Amino acid sequence: MLRFFILFLIIQVALFGIELLGPVQSGFIMPLTGLQASFSANLVQFFDANVTAYSNIIQSTTNGFGVAIMPGCNAVEACTILIAAILAFPAAWRPKLAGLVIGILAVQAVNILRIVSLFYLGQWNKQWFEFAHLYLWQALIMLDVMVIWLLWVRYLASRDLIRMPSPHAA
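Residues numbered from 1 in each chain as written. Predicted model: local features only at pLDDT ≥ 70, side-chain atom pairs only at ≥ 80, totals over all residues. Heavy atoms only, no water.

### Examining the overall build of the chain
Part 1 of the argument: Helices and strands together make up the secondary structure of the chain, namely five helices and three strands.
Part 2 of the argument: The order of α-helices and β-strands along the chain, N terminus first, is α-α-β-β-β-α-α-α.
Part 3 of the argument: Each principal axis of the C-alpha distribution contributes one length, and for the chain these read about 70 × 35 × 30 Å.
Part 4 of the argument: For the chain, the proportion of its 170 residues judged to be buried stands at 39%.
Part 5 of the argument: Excluding contacts between residues fewer than 6 apart, the proportion of contacts in the chain whose partners are at least 24 apart in sequence is 64%.
Part 6 of the argument: Carbon and sulfur atoms provide 72% of the accessible area of the chain, an area that totals close to 10300 Å².
Part 7 of the argument: Computing the positive centroid from 8 side-chain charges and the negative centroid from 6, the chain places the two 14 Å apart. (Helix = DSSP H or I, 4+ residues; strand = E, 2+ residues; numbered from the N terminus. Buried < 20%, exposed > 50% of the residue type's maximum accessible area, 1.4 Å probe, protein only. Contact = heavy atoms within 4.5 Å. Areas by Shrake-Rupley, 256 points an atom, 1.4 Å probe, with all protein chains shown as cover. Lys, Arg positive; Asp, Glu negative; His and termini not counted. Charge placed at Lys NZ, Arg CZ, Asp CG, Glu CD.)

Pasting the structure below:
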């Protein structure tokens, strides 16, 4: 367990450090955030044609309300924690890769739900928007990461795919 925890922390520090690099921000993080805004706007347009997206913003063309998807709101940090947990866990690379792909897609899907709900909530009630944005959805995204990781570990255990390090002889 100590090995997992130390690896988990090291991988997180490395990934968070990489995320802060300028080329990573401009070449990956900001384009991903723009893609999230476009995808969210396209979903909302099924119900309301008066929605547009530009850069990292989804906005109503009717009332002008918009939400900007900022760093920290794009679920990259949540995915980073999930990636670190999966990579640090003692398992073969194939189930790790499957866990990463499915897990990241699941976290991003929940984040799209978050963006769309905040877009509607902000038009309805600013106080509820602030509460949901700052507290509720932050907790739900992290809960999502934990549940995904626990389901992945449970899957590994059910298939006997966990590689336990050999104990040191005393």
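### Describing helix α1 (residues 2–19)
Part 1 of the argument: Over its 18 residues, α1 extends 26 Å from the first C-alpha to the last, a length consistent with the 26 Å expected when each residue adds 1.5 Å.
Part 2 of the argument: Among all positions in α1, only Phe4, Phe8, Ile11, Gln12 and Glu19 are buried. Across the axial projection of α1, the buried residues extend over an arc of 105°, all falling on one side. More than 90 degrees from the buried face of α1, the exposed residues found are Leu2, Ile10 and Val13.
Part 3 of the argument: Buried residues in α1 make contact with α2 (22–44), α3 (76–88) and α5 (126–158). (Expected span 1.5 Å × (residues − 1). Arc of directions from axis to C-beta.)

### Here we look at the side chain of Gln12
Part 1 of the argument: With respect to the element layout, Gln12 can be found in helix α1.
Part 2 of the argument: Setting aside residues no more than four positions away along its own chain, Gln12 makes contact with Ile81 and Ala84.

### Concerning the sheet that holds strand β2 (residues 57–60)
Part 1 of the argument: Read across the open sheet, the three strands follow the order β1-β2-β3; overall the sheet is antiparallel. Two strands lie at the open edges of the sheet, namely β1 (51–54) and β3 (66–68), each paired on one side alone. Neighbour-to-neighbour, the strand axes of this sheet turn through a mean angle of 15°, independent of strand direction.
Part 2 of the argument: Bridge count for β1 against β2 is four bridges, and the pairing is antiparallel. In the strand pairing of β2, Thr52 is matched with Gln59. (Pairing = 2+ DSSP bridges. Axes fitted to C-alpha atoms, helices over the stretch in contact; angles between N-to-C directions.)

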